[in-house]
Each structure stands twice: as C-alpha cells, then as structure tokens.
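# Coordinates in review
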Amino acid sequence: MGYRILVVAAVGVHFAFLAYGVFGGFLAWRRPRTIWLHAACALWLLAIVVFDGLCPLTWLEDRGREALGEPPRVGGFLDNHVAGVFYPHGHEAAARLVVALIVLTSWVGLGVRLARRRAAQSAVDAPAVRDESECRSR
C-alpha cells in the first residue's frame, strides 16, 4: 500500500510540476516575483527534454513500481503519462513547439504588464506640470 501511494504521489507531483512549468508564467502576471521560480522550472523541463535526462520523480516512480513487483516503465514521464493523452503519439515536436509558445507568451505578457504598471506608476508619481498659460496669469 505504501509503495502504491509513492507511485501515485510521484505521478501527481510530476503532473503538477509539468503544469506549473507550462502555465506558471501566467501566474507571474498576478505575482511577478514568482517568475524566477517559473524560469527555473522551465529551464529544468527544457534540460530534461533536450538532454533526454532522467527526472528524479521518474526514478522515484520506477523504484516504487519495482518494490510492488512491477517492472519500471520504458521511457520517461512524458512517454508514459502525457503522450497519447495531451497530444498524439509521434507529435512530440509539435507539442514541444506549442509548450514553448505558451511559455514565451506568458513571459512576453508579463513584460507588457510590468511595463504598463511602471508607466502608470510614473505618471502618478510625476509632479503635476502646470499649463504655461496658467503660470502667466498669476
């Protein structure tokens, strides 16, 4: 029972991490300080995909399966839990492109929002400039 919970927890945390890695930039629109956490998460996901690395959560899931007497799954988390569910098998390149566009859109959107916020704040903070005609009439 304990190893089954470990496997389910590893898969659940994997999904949460993946969701934050893809959509966390939009959270930064409301909480701009979280962009650094999202950037680290996105870089980790990029490194795992580009270098075909082994994620510690996949390793944990495989060890839990072995303890249950099940063989570890061939491939990583994306191959076993995402491909065929969120995008068709064989369309990994298109899925990666869509994910990259989502992440970049969230970051560009954050930049636009921060620029507008700064512009609005500087307009409020700027001293009121009097009209020249008003100054001459005094």
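In short, a report on the structure.

### Focus on the layout of surface pockets
Quantified by volume, the largest pocket comes out at close to 1100 Å³. The wall of the largest pocket is formed by 38 residues, among which Leu18, Leu45, Val49, Leu78 and Val99 lie closest to the centre. At the level of elements, helix 1 (2–30), helix 2 (35–50), helix 4 (77–82) and helix 5 (92–125) are the ones that each hand at least two residues to the lining of the largest pocket. Among the elements that line the lining of the largest pocket, the one with the most residues is helix 5, at 10 residues.

### Observations concerning helix 2
Residues spaced three or four apart along an α-helix face the same direction, because each turn holds 3.6 residues. Between its first and last C-alpha, helix 2 extends 22 Å over 16 residues, near the 22 Å set by a 1.5 Å rise per residue. Considered for burial, the residues of helix 2 that qualify are Ile35, His38, Ala39, Cys41, Ala42 and Leu45. Viewed along the axis of helix 2, the buried residues span an arc of 165 degrees, placing them on a single side of the element. Away from its buried face, by an angle of more than 90 degrees, helix 2 presents the exposed residues Trp36, Leu37 and Leu43.

Rules used throughout
Every chain begins its residue count from 1, and numbering advances along the sequence as written. Local features are withheld for residues below a pLDDT of 70 in this predicted model, meaning they are given only at 70 or higher, and side-chain atom pairs are given and counted only at 80 or more; totals for whole chains, interfaces and linings count all residues. Heavy atoms throughout the structure, all of them, feed into the side-chain values; hydrogens and water do not. Residues are called lining when one of their atoms sits within 4 Å of a cavity or pocket point, these points coming from a 1 Å grid over the protein atoms alone, where a cavity is a set in which a 1.4 Å probe fits but cannot get out and a pocket is an open set with protein on both sides within 12 Å along at least five of seven lines. Grid points are joined across faces, edges and corners, and a volume is the space filled by probe spheres set on the points. Numbering of helices and strands starts at the N terminus; helices are DSSP runs of H or I of at least 4 residues and strands are runs of E of at least 2. Expected helix span is taken as 1.5 Å per residue step, with the number of steps being one fewer than the number of residues. For each residue, the accessible area found with a 1.4 Å probe, counting protein chains only, is set against the maximum for its type, and the residue is called buried under 20%, exposed over 50%, and partly exposed in between. It is the directions from the helix axis to the C-beta atoms whose arc is reported.

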